Amino acid sequence: MTVPLLSTDRLVKRYGGLLATDNVSIDVASGEIHALIGPNGAGKTTLVGQLTGNVAPDSGTIRFAGQDITRLPTHRRVHLGLARSFQITSVLGEFTALENVALAVQAHAGHSFRFLRDVRGDESLRGPARHCLEEVGLDARAGMPASALSHGEQRQLEIAMALAGDPSLLLLDEPMAGMGVEESQRMIAFLRALKGRRAMLLIEHDMDAVFQLADRITVLVYGRAIASGTPAEIRADEAVRRAYLGDDGMVA
Amino acid sequence: MIAALRTPRGLLTALILLVLAVLPLLTQAFDQRYLLSVGTRIVIWSIAAVSLNMILGYGGLVSFGHAVFFGIGGYAVGILSAHGVSSGWIQWPVALAVATLWAALIGALSLRTRGLYFIMITLAFAQLVYYVGGGLEAYGGDDGLNISRSRFSGLIDLRDKPSFYWLCFAALCGTLWFCGRFANSRFGYVIRGAKSNDLRMMALGFPVFRYRLAAFTISGAFGGLAGILLANEGAYVSPAMMSWVKSGDLIVIVVLGGMGTLLGPLFGAIAFFALEESLPPLLDLLRKGWGEYWQIVFGPLLVLIALYARGGIDSLLGRRAP
């Protein structure tokens, strides 16, 4: 196997007596979708926080694109090609959809210590931003304040913002959260179309989506990765059934 | 331009700027010298309020020590003047540099905190300078220091009230111009984005701290400019100009006028001083002696604005153009 795009090596994070991340070693290869599943409280969010740089691990290392990024601040990781979407929708409500994406483009267009030129007519930002909106199918909503978009549209906007920097890896924290069936299906189709071009680490509760999309699945329980493999392997895994899938009868 | 005049906001703005531009002529024509000094203070406080708005309104950072820049700008001028350096060409750049450096320093320390802690630490730094100012016995201590106004030989005489007023007005126009450009620049969008969600901005790849520090520093520099002008207005500096009450007044002005709007601080300063000047005599008319308690009316007015007009005076003028 070639060197993975992202890999963690025995990552540990403790909160007091609670082992939120217990020696987790996972990797994501270029172009693949690796899904991370686990019941509530399994430590998915803590793990994502360490990958993005919002949470400092107690020990272990994170490597991305051939570089140790364990201690790198968030914005430096982003510039290496690691983008994320948020579990709780985090679009910037006071700006329009287009402005949200234009800001994401701006983040990758050199420094922003530019005080005088009006950004609203800046096609070098708005052009690519419009393109990203088209890609996620939001171009008709470009001029609307992000706060006025529907929940599903805001999730799409999240993805458009993450894509604006042309990342090699997308960290998708529950992209389908709160979506209706139809919207979920559209998002699944969209992510499938992205597959191959960008690697994704998908954190998702929707088992349908996970088994449709993922090349590999890792199951996290109490901070530990109890199993990792192809969807078929995970489905057949006894420990996973016991710990997780069987509980809520969600075996697909 | 012409179309903008048809909106209430455009009309009011044009009217205010017009009146401010010719205020010395008006006060002369109606023989109301005192009003010119009120006008001068409004203009200077507007500059400070616009500068506070850069971080408070656009950046969402509640700095509770902004009046410290009145003091820094003012004392820099005052101390130089006390040592016989009376040239404005030296005083003003030095004062601006000191205010900028001080802003960078407190910004670097206080921006590591959030929310209530940020409020407390900016207040603490301001109080620190306030007490240092009070302890400077050589420069008047708590009583303050009478200074001679900055000299710009041959160019402008700051002792001439109308000339000084116009200088302040020009400074206000410059500050507003910069703030207007700033708000819609790449930099301004980063600051505004970080106000609504700084984690999001970091996840987009922005080193948010650096941008906030720059904004804080710029804001302090303009605050220092207001301090320079304030010292020259009264030919006097004292610790009182940077007391926490003044910092509070500045926040009130920005909130009253409309946070995160270009002209809100100007509206706020005018309303603030108009109320401060007119409420006492009005209440005295109702009953002699009531004027002393004008804040009993002023306070509830602020509460009403906070409750029913979240965007301040600016929001009462209709929706802003996108």
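Residues numbered from 1 in each chain as written. Chains lettered and ligands numbered in written order. Predicted model: local features only at pLDDT ≥ 70, side-chain atom pairs only at ≥ 80, totals over all residues. Heavy atoms only, no water.

1. Comments concerning the overall build of chain B
Part 1: Helix and strand counts for chain B stand at 14 helices and four strands.
Part 2: The C-alpha radius of gyration of chain B comes to 20 Å, within 12% of the 20 Å expected for a compact globule of 322 residues.
Part 3: If one aligns the C-alpha atoms of chain B with their principal axes, the spans along those axes are about 55 × 45 × 40 Å.
Part 4: For chain B, the proportion of its 322 residues judged to be buried stands at 54%.
Part 5: Of all intrachain contacts in chain B linking residues separated by at least 6 positions in sequence, the fraction that spans at least 24 positions is 75%.
Part 6: As displayed, chain B offers around 14,500 Å² of accessible surface, 68% of which is attributable to carbon and sulfur atoms.
Part 7: Averaging the locations of the 23 positively and 14 negatively charged side chains of chain B gives two centres separated by 16 Å. (Helix = DSSP H or I, 4+ residues; strand = E, 2+ residues; numbered from the N terminus. Rg over C-alpha atoms; globule rule 2.2 N^0.38 Å. Buried < 20%, exposed > 50% of the residue type's maximum accessible area, 1.4 Å probe, protein only. Contact = heavy atoms within 4.5 Å. Areas by Shrake-Rupley, 256 points an atom, 1.4 Å probe, with all protein chains shown as cover. Lys, Arg positive; Asp, Glu negative; His and termini not counted. Charge placed at Lys NZ, Arg CZ, Asp CG, Glu CD.)

2. Some points on the interface of chain A and chain B
By a frequent convention, interface size equals the accessible area lost on bringing the separate parts together.
Part 1: Taken together, the contacts link 34 residues of chain A with 28 residues of chain B.
Part 2: Contact between chain A and chain B buries roughly 2,900 Å² in total, counting both sides, with carbon and sulfur atoms accounting for 61%.
Part 3: For the interface between chain A and chain B, the tally reads three salt bridges.
Part 4: Across the salt bridge formed by E94 of chain A and R192 of chain B, the nearest N and O atoms sit 3.6 Å from each other.
Part 5: Linking chain A with chain B are 16 residue pairs in polar contact (both at pLDDT 80 or more), by the criterion used here. (Buried area = accessible area lost by both parts, 1.4 Å probe. Salt bridge = Lys/Arg side-chain N within 4 Å of Asp/Glu carboxyl O. Polar contact = N/O pair within 3.5 Å; in protein donor to acceptor, adjacent residues only side chain to side chain.)

3. Topic: the domain arrangement of chain A
Residues and elements named next belong to chain A.
Part 1: Under the domain assignment, chain A is made up of domain 1 (1-81 + 167-252) and domain 2 (91-166).
Part 2: Between domain 1 and domain 2, the C-alpha centre-to-centre distance is 26 Å.
Part 3: Around 1,200 Å² of area is buried between domain 1 and domain 2 when both sides are counted, 60% of it from carbon and sulfur atoms.
Part 4: Across the contact surface, domain 1 and domain 2 share two salt bridges.
Part 5: The partner of R198 in a salt bridge is D166, and the shortest N-O contact between them spans 2.8 Å.
Part 6: Here domain 1 and domain 2 share five residue pairs in polar contact (both at pLDDT 80 or more) between them.
Part 7: Those elements giving two or more residues to the side of domain 1 that touches domain 2 turn out to be α2 (74-80), β8 (169-173) and α6 (181-194).
Part 8: Among the elements that make up the side of domain 1 that touches domain 2, the one with the highest residue count is α6 (four residues).
Part 9: For the side of domain 1 that touches domain 2, the per-class residue count stands at 10 nonpolar, three polar and five charged. (Domains from an automatic or database assignment. Nonpolar A, V, L, I, M, F, W, Y, C, P; charged D, E, K, R; others polar.)

4. Thoughts on the environment of S238 of chain B
Residues and elements named next belong to chain B.
Part 1: Tracing the backbone shows S238 in the loop between β4 (236-237) and α11 (244-257).
Part 2: Classification of S238 as buried rests on a relative accessible area of 7%.
Part 3: Residues S238 and I119, spaced 119 residues apart in sequence, show a C-alpha to C-alpha distance of 24 Å.
Part 4: Not counting residues up to four positions away in its chain, the partners in contact with S238 are Y75, D143 and G144.

5. A closer look at the pairing of strand β7 (residues 82-85) of chain A
Residues and elements named next belong to chain A.
Part 1: Side chains of β7 alternate between two faces, with L82 and R84 and A83 and S85 buried alike.
Part 2: Pairing of β7 with β8 involves four bridges; the strand directions are parallel. Its bridge partner lying in β8, R84 is registered against L171. (Pairing = 2+ DSSP bridges.)

6. A word on the packing of aromatic side chains
All names here are of chain B.
Part 1: Evaluation of the coordinates by the stated rule reveals 23 aromatic pairs over all chains.
Part 2: For the ring pair W45 and F70, a centre distance of 5.0 Å and an interplane angle of 55° mean the geometry is tilted. Residue W45 is located in helix α3 (residues 33-56), and its partner F70 is located in helix α4 (residues 68-82); the two are separated by 25 residues in the primary sequence. There is no split in this pair, since W45 and F70 are both buried.
Part 3: With a centroid separation of 6.2 Å and 85° between ring planes, the pair formed by W102 and F125 is classed as edge-to-face. One end of the pair, W102, is in helix α5 (residues 88-110); the other, F125, is in helix α6 (residues 115-135), and 23 residues separate them in sequence. (Phe/Tyr/Trp six-rings, centres within 6.5 Å; stacked < 30°, edge-to-face > 60°.)

7. Observations concerning the state of the cysteines
Part 1: Per the stated rule, a full pass over the model turns up zero disulfides over all chains.
Part 2: The closest cysteine sulfur to the non-disulfide-bonded C168 of chain B is located on C173 of chain B, 11 Å from its own sulfur. (Disulfide = S-S within 2.5 Å.)

8. Some remarks on the pattern of salt bridges
Close approach of charged atoms allows side chains of opposite charge to pair.
Residues and elements named next belong to chain A.
Part 1: This structure, assessed with the given rule, holds 21 salt bridges over all chains.
Part 2: The closest approach of N and O atoms between D58 and K13, which form a salt bridge, is 3.9 Å. Taken together, the positions of D58 in the loop between α1 (44-52) and β5 (59-64) and K13 in strand β1 (residues 6-15) put the pair 45 residues apart, joining distant regions of the chain.
Part 3: Across the salt bridge formed by D27 and R216, the nearest N and O atoms sit 2.8 Å from each other. One end of the pair, D27, is in strand β3 (residues 27-28); the other, R216, is in strand β10 (residues 216-221), with 189 residues separating them in the sequence.
Part 4: Overall, D27 belongs to the partly exposed group, its relative accessible area being 22%.

9. A few points about the side chain of S150 of chain B
Residue and element names in this part refer to chain B.
Part 1: With respect to the helices and strands, S150 occurs in the loop between β1 (145-146) and β2 (151-152).
Part 2: Separated by 2.4 Å, the side chains of S150 and Q91 make a polar contact.
Part 3: When sequence neighbours within four positions are dropped, the list of residues in contact with S150 reads V77, S86, G88, Q91, W92, L158 and N232.

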